[in-house]
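# A structural walkthrough
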Amino acid sequence: MKVLIPTPLRSYTRAGEVEATGATLAELLGDLERRYPGLRFRVIDEQERMRPHIRFFVNGEQVFDLTRPLRPEDSVQVVQALSGG
Amino acid sequence: MSRTGPRAERRSRSRTGRGSPARAQKTPTPARRPRPAGRVLVLVATRKGAWLYRGDAARRTWRADGPHFLGHVVNHLVLDPRDGRTLLAAAKTGHLGPTVFRSTDLGRTWKEAARPPAFPKAPEGEKGRAVDHTFWLTPGHAAEPGAWYAGTSPHGLFRSADGGVTWDPVSGLNDDPQYRSWMGGAQDGTPDGPKLHSIIVDPRDPAHLYLGMSSGGVHESLDGGRTWAPLVRGMEVVEALDPSNITFHDPHCVRLCPSDPDRLYQQNHCGIYRLDRPSSEWVRIGKSMPGRIGDIGFPMVVHPRDADTAWVFPMDGTSVWPRTSPGGKPASYVTRDGGRSWRRLDSGLPERQAWWTVKRQAMAADARDPVGLYLGTTGGELWASRDEGGRWGCVARHLPEIYAVEAAEAR
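Residues numbered from 1 in each chain as written. Chains lettered and ligands numbered in written order. Predicted model: local features only at pLDDT ≥ 70, side-chain atom pairs only at ≥ 80, totals over all residues.

Let's shift gears to the overall build of chain B. Scanning chain B from N- to C-terminus turns up 4 helices and 28 strands. Taking 2.2 N^0.38 as the reference for a compact globule, 411 residues should give roughly 22 Å; the C-alpha atoms of chain B span a radius of gyration of 20 Å, in line with that estimate. Considering only C-alpha atoms, chain B reaches an extent of 50 × 45 × 45 Å along its principal axes. A burial count over chain B gives 52% of its 411 residues as buried. Partitioning the intrachain contacts of chain B with sequence separation of at least 6 by distance along the chain shows that 52% fall at a separation of at least 24. (Helix = DSSP H or I, 4+ residues; strand = E, 2+ residues; numbered from the N terminus. Rg over C-alpha atoms; globule rule 2.2 N^0.38 Å. Buried ≥ 20, exposed ≤ 12 C-beta atoms within 10 Å, placed from the backbone. Contact = placed C-beta atoms within 7 Å.)

Put into structure tokens, the structure is as follows:
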């Protein structure tokens with residue numbers, strides 16, 4: 001499925017949009033890690049929690065649960081939250 | 001279990017009648033002479049990236065190399081003295097989680113650690129800890145190539161055996177129940193989170209370690225980190241708090257003297273101290289600082305060859321803790337007699353209306369003769385002195401807030 005990558009993570013992907021697979025958001029992140037080593041830990045901590053300033057959207061809807069099922073036609077967006085200077 | 005408390009400390013000391021068991025096997029380390037060749041490399045870590053400043057042979061002019069990791073919060077950038085080529089950078093961004101970058105060619109190319117410092121996954125139903133940032137990096141002992149230590153926020157000690165590629169938690173500290181209680185919670189740390197810092201490896205013994213926790217005290221291990229004991233006797237805490245509670249102790253920076261590894265200096269939230277092992281009682285040597293300046297600050301710098309000489313950079317620790325240079329007049333202070341007296345060193349520094357200060361990792365000495373001193377300010381300026389603080393000159397302005405400065409010998 002299509003995954004939109006925010007600029008802070010493009011040092012890993014070298015692209016703003018990549019393809020990855022997974023039946024859940026967790027599996028998708030596992031596939032992204034296989035393709036782009038190091039990426040997952042920058043957005044998910046060691047306790048399997050989303051980093052405080054990283055957000056995930058599936059088909060435009062914000063998702064907070066890594067077990068969220070995904071379908072091949074879904075579009076996933078990784079977004080960095082706003083921040084100050 | 002940790003070896004904790006005065007009773008355990010006495011037990012340990014009684015085995016040799018002098019100090020630690022490890023110390024009994026140590027031999028004195030001769031003072032190292034300045035290296036005549038090579039160049040001093042000043043490593044500057046900032047809130048928005050890192051820079052390398054390469055000096056000429058006389059340390060008069062400096063060439064900036066950077067930014068590296070522009071936009072990353074870089075808490076520490078350290079050169080491995082064992083090869084003079086490998087750099088490690090502790091980094092994160094405002095959005096992304098923490099990591100460690102590694103260069104084996106003095107910063108020309110970088111690779112990310114394959115497994116950065118991270119706590120183990122907590123059992124189901126328990127709230128586990130997550131590293132917010134790696135704060136401190138220390139190369140391991142000369143006899144252990146590839147060994148590195150990292151201190152994190154929240155408090156955590158990590159070790160790498162492969163030059164910083166993969167990192168493992170030091171469970172003897174991180175998971176010890178007594179230490180977990182002394183580490184306290186987020187409110188027991190600095191406004192930017194608790195910091196595990198000042199990881200020191202005894203140059204005579206790779207198993208003899210020290211570290212500091214802000215807050216949470218100074219601690220010592222004699223067995224490579226498997227067990228730890230507090231080393232806080234003589235240290236003061238904030239008025240009305242109980243000094244017997246290890247959590248209340250806030251060492252800001254601890255340094256071991258390379259020329260006499262039995263001597264340590266400490267800049268604390270509550271004064272400047274010296275410790276001469278095998279004693280385990282810190283002596284507050286900051287009382288001899290001028291009263292109008294006080295003895296509060298962040299950095300502590302030791303001389304590479306003279307254990308009686310050390311430098312501090314005081315800050316205003318009155319009222320609401322402005323943490324600026326006292327009176328807006330920045331100055332370093334040096335002792336040449338182990339803390340019995342202090343001399344102000346402000347020649348070349350701004351004479352007034354300079355409200356910056358120097359963080360705990362942001363002041364360093366090189367190993368030349370005379371010693372070069374380097375400091376980075378919260379206002380993004382890098383200052384240097386080629387004569388042990390006698391005269392200061394500004395090397396760089398307009399950098400981001402400087403978090404750490406290290407002086408090293410590049411090969």
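Back to the write-up after that little detour.
Attention now moves to the overall build of chain A. Broken down by element type, chain A carries 3 helices and 5 strands. Counting from the amino terminus, chain A carries its helices and strands in the arrangement β-α-β-α-α-β-β-β. For chain A, the C-alpha radius of gyration of 12 Å lies close to 12 Å, the compact-globule estimate for 85 residues. The principal-axis extent of the C-alpha atoms belonging to chain A is close to 40 × 25 × 25 Å. Looking at the 85 residues of chain A, the share that counts as buried comes to 26%. Taking the intrachain contacts of chain A between residues at least 6 apart in sequence as the baseline, contacts between residues at least 24 apart amount to 49%.

Moving on, we get to the interface of chain B and chain A. In this assembly, 15 residues from chain B lie in contact with 16 residues from chain A. Partitioned by chemical class, the residues of the side of chain B that touches chain A number 7 nonpolar, 6 polar and 2 charged. (Nonpolar A, V, L, I, M, F, W, Y, C, P; charged D, E, K, R; others polar.)

Residues and elements named next belong to chain B. Taken in spatial order, the 4 strands line up as E8-E9-E10-E11 in an open sheet, and their pairing is antiparallel. If you trace the sheet from one side to the other, it starts and ends with strand E8 (133–139) and strand E11 (168–169), each paired once. Of the pairings in the sheet, the one linking strand E9 (residues 148–153) to strand E10 (residues 156–160) comprises 5 bridges and is antiparallel in character. Residue pairing for E10: Ala150 is matched across the bridge by Phe158. (Pairing = 2+ DSSP bridges.)

A few words now on helix H2 (residues 25–35) of chain A. Residue and element names in this part refer to chain A. Within H2, burial applies to Leu25, Leu28, Leu29 and Leu32. Angular distribution of buried residues about the axis of H2 spans 100°; they occupy a single face of the element. For H2, the secondary structure elements touched by its buried residues are strand E1 (2–4), helix H3 (39–43), strand E3 (54–58), strand E4 (61–63) and strand E5 (75–80). (Arc of directions from axis to C-beta.)

One recurring pattern in soluble globular proteins is that nonpolar side chains are buried together. In this structure, B:Leu43, B:Val44, B:Val74, B:Ala89 and B:Val405 are the most contacted members of the largest nonpolar core, which totals 104 residues. Apart from residues no more than four positions distant in its own chain, B:Ala89 is found in contact with B:Ala50, B:Phe69, B:Val74, B:Leu77, B:Val100 and B:Phe101. Formed by 20 residues, the second largest nonpolar core is a distinct cluster that contains A:Leu29, A:Leu32, A:Ile44 and B:Leu96. (Core = buried A, V, L, I, M, F, W, Y, C linked by C-beta atoms within 7 Å.)

Looking now at unusual backbone geometry. A cis amide bond links B:Gly66 to the next residue, B:Pro67, at an omega of 5°. Here B:Pro67 shows up in strand E3 (residues 62–68). Residue B:Pro370 is bonded to the preceding B:Asp369 through a cis peptide linkage, with omega at 0°. Within the secondary structure, B:Pro370 is located in the loop between strand E24 (363–365) and strand E25 (373–376). Backbone geometry at A:Arg14 places phi at a positive 60°, although glycine is not the residue there. Inspection of the secondary structure assignment puts A:Arg14 in the loop between helix H1 (10–13) and strand E2 (17–19).

Turning our eyes to something else, we now look at the sheet that holds strand E7 (residues 111–112) of chain B. Residues and elements named next belong to chain B. With antiparallel pairing, the 4 strands of this open sheet are ordered in space as E4-E5-E6-E7. Across the chains shown, the open sheet's two edge strands, defined by having one partner strand only, are strand E4 (73–79) and E7. Two strands pair when backbone bridges link them, and strand E5 (residues 87–92) and strand E6 (residues 99–103) are joined in this way by 5 bridges, in the antiparallel orientation. The residue bridging Ala89 from the neighbouring strand is Phe101, located in E6.

Another aspect to go through is the pairing of E3(A). Examined bridge by bridge, E3(A) and E5(A) share 5 bridges and lie antiparallel to one another. Residue pairing across strands places A:Arg55 opposite A:Val79, the latter belonging to E5(A).

Residues and elements named next belong to chain B. Inspection of the secondary structure puts Gly49 in strand E2 (residues 49–55). Sequence spacing of Gly49 and His72 is 23 residues, and the spatial spacing of their C-alpha atoms is 5.1 Å. Excluding its chain neighbours within four sequence positions, the residues that come into contact with Gly49 are Gly66, Pro67, His68, Phe69, Leu70, Gly71, His72, Val74 and Pro400.

Working note: regular strand, side chains alternate between the two faces of the sheet. Residue and element names in this part refer to chain B. Judged by how many residues are buried, strand E1 (residues 39–46) sits mostly within the fold: 7 of 8 residues are covered. In terms of strand pairing, E1 meets strand E28 (residues 402–410) through 8 bridges, oriented antiparallel. Residue pairing across strands places Val42 opposite Ala407, the latter belonging to E28. Here 6 bridges tie E1 to E2, and the two strands are oriented antiparallel to one another. Note on E2: the bridge partner recorded for Val44 is Trp51.

Of all residues in chain A, 96% have pLDDT values of 70 or greater, and the mean over the chain is 95. The element-level mean pLDDT for chain A is lowest in E5(A), coming to 95, with H2(A) highest at 98. (pLDDT = per-residue confidence, 0-100.)

This part is about the environment of B:Asn245. With respect to the helices and strands, B:Asn245 occurs in the loop between strand E15 (229–230) and strand E16 (251–257). Sequence spacing of B:Asn245 and B:Gly291 is 46 residues, and the spatial spacing of their C-alpha atoms is 28 Å.

All names here are of chain B. When pLDDT is averaged across chain B, the result is 91; 90% of the residues are at 70 or more. Taken as a whole, residues 1–30 scores under 50 in pLDDT and shows 42 contacts with residues more than four places along the chain or in a different chain. If you check the scores for this complex, the pTM reads 0.91 and the ipTM reads 0.89.

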